[in-house]
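Analysis of the macromolecular model
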Amino acid sequence: MAIVAHARPFVIGVDTRARNHAVSILACPTGEIVDEAQFPATAAGLSRAVSWAGRRTGGDVTVLWVIEGTGTYGARLRAVAADTGYTVVEAPRMNARANRTIGKSDPLDARRIAAAALPLHETQLREPRADDGVRAAVKVLLAARSPRPKSGSSELSVGAPGGGVAGDRRRGPR
């Protein structure tokens, strides 16, 4: 299997934030910057971002979108790009220490995200988590089954004789 830089014409890196997303388009295989921009994280802004990227890449749907936070701030952009027909993956894990002395900005992070995907084999790309609600349901179920609340003080530990829970038929220490 080929590396991303040889298998795709462009890689689009996205650094996501609550209010806006920085987008950087790199040409493959060289990693040359085609264009960069920032868009608001609104429905109109996300649609503009995908249209803008389509114009810059000639509408080629084999372009790879590499989005940071596809389960959080980038979830809506992931859905818009995927609905348009693009392949979308989660940003690869990067070494923060190696980039610590270089500087930090959203456009620079978007460029680093795209560049980090270039040398990876297609099989190494991280698929976004399914947005089917199963993870959220399991989280709720686990929280409901938890024997003790996670906070230090709760209504369950107050007022029961013998240190038990009110209504609990067991007595004495557990």
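Residues numbered from 1 in each chain as written. Predicted model: local features only at pLDDT ≥ 70, side-chain atom pairs only at ≥ 80, totals over all residues. Heavy atoms only, no water.

1. With respect to the overall build of the protein chain
Looking only at helices and strands, the protein chain features 5 helices and 5 strands. Along the protein chain, from the amino end to the carboxyl end, the secondary structure elements read α-β-β-β-α-β-α-β-α-α. Scored against the burial criterion, the 174 residues of the protein chain give a buried share of 34%. Summed over all atoms, the accessible surface of the protein chain reaches about 10,800 Å², with 54% contributed by carbon and sulfur. (Helix = DSSP H or I, 4+ residues; strand = E, 2+ residues; numbered from the N terminus. Buried < 20%, exposed > 50% of the residue type's maximum accessible area, 1.4 Å probe, protein only. Areas by Shrake-Rupley, 256 points an atom, 1.4 Å probe, with all protein chains shown as cover.)

2. Details of the side chain of Ser24
Along the chain, Ser24 turns up in strand β2 (residues 20-27). Since its relative accessible area comes to 0%, Ser24 is described here as buried. Polar side-chain contacts of Ser24 include one of 3.1 Å to the side chain of Glu36. Apart from residues lying up to four places away in sequence, Ser24 is in contact with Val11, Ile12, Gly13, Asp35, Glu36, Ala110, Arg111 and Ala114. (Polar contact = N/O pair within 3.5 Å; in protein donor to acceptor, adjacent residues only side chain to side chain. Contact = heavy atoms within 4.5 Å.)

3. Here's the deal with the pattern of salt bridges
Enumeration over the complete set of coordinates arrives at 7 salt bridges. The partner of Arg17 in a salt bridge is Asp106, and the shortest N-O contact between them spans 3.5 Å. On the criterion of sequence distance, the pair formed by Arg17 in the loop between β1 (10-16) and β2 and Asp106 in helix α4 (residues 106-117) is long-range, its members being 89 residues apart. Note that Arg111 and Glu36 form a salt bridge whose closest N and O atoms lie 2.7 Å from each other. One end of the pair, Arg111, is in helix α4; the other, Glu36, is in strand β3 (residues 32-40), with 75 residues separating them in the sequence. (Salt bridge = Lys/Arg side-chain N within 4 Å of Asp/Glu carboxyl O.)

4. Points about the packing of aromatic side chains
Scanning all chains against the criterion turns up 2 aromatic pairs. Aromatic side chains Trp65 and Tyr86 sit 5.7 Å apart centroid to centroid with 55 degrees between the ring planes, which places their arrangement in the tilted category. Residue Trp65 is located in strand β4 (residues 64-67), and its partner Tyr86 is located in the loop between α3 (75-84) and β5 (87-90); the two are separated by 21 residues in the primary sequence. (Phe/Tyr/Trp six-rings, centres within 6.5 Å; stacked < 30°, edge-to-face > 60°.)

5. Looking at α4
The end-to-end C-alpha separation of α4 is 17 Å, in line with the 16 Å expected for 12 residues at 1.5 Å each. For α4, every residue scored as buried is listed here: Asp109, Ala110, Arg112, Ile113, Ala114 and Ala117. The secondary structure elements touched by the buried residues of α4 are α1 (4-7), β1, β2 and β4. (Expected span 1.5 Å × (residues − 1).)

6. Focus on helix α2 (residues 43-56)
Helix length check: α2, at 14 residues, gives a terminal C-alpha distance of 20 Å against a target of 20 Å (1.5 Å per residue), a fit within 8%. Every buried residue of α2 is accounted for by Gly45, Leu46, Ala49, Val50, Trp52, Ala53 and Gly54. On its buried side, α2 packs onto β1, β2, β3, β4 and α3.

7. Some thoughts on the environment of Leu77
Mapped onto the secondary structure, Leu77 falls in helix α3. Expressed as a C-alpha distance, the spacing of Leu77 and His21, which sit 56 residues apart in the sequence, is 9.0 Å. Leu77 has contacts with Val14, His21, Leu46, Val50, Trp65 and Ile67, leaving out every residue within four places of it along the chain.

8. Brief notes about the pairing of β1
Along β1, 7 of the 7 residues are buried, which leaves the element largely enclosed by surrounding structure. Alternating residues of β1 divide into Phe10, Ile12, Val14 and Thr16 and Val11, Gly13 and Asp15, and every residue in both groups is buried. A loop of 3 residues connects β1 with β2, the two strands running antiparallel in sequence. (Pairing = 2+ DSSP bridges.)

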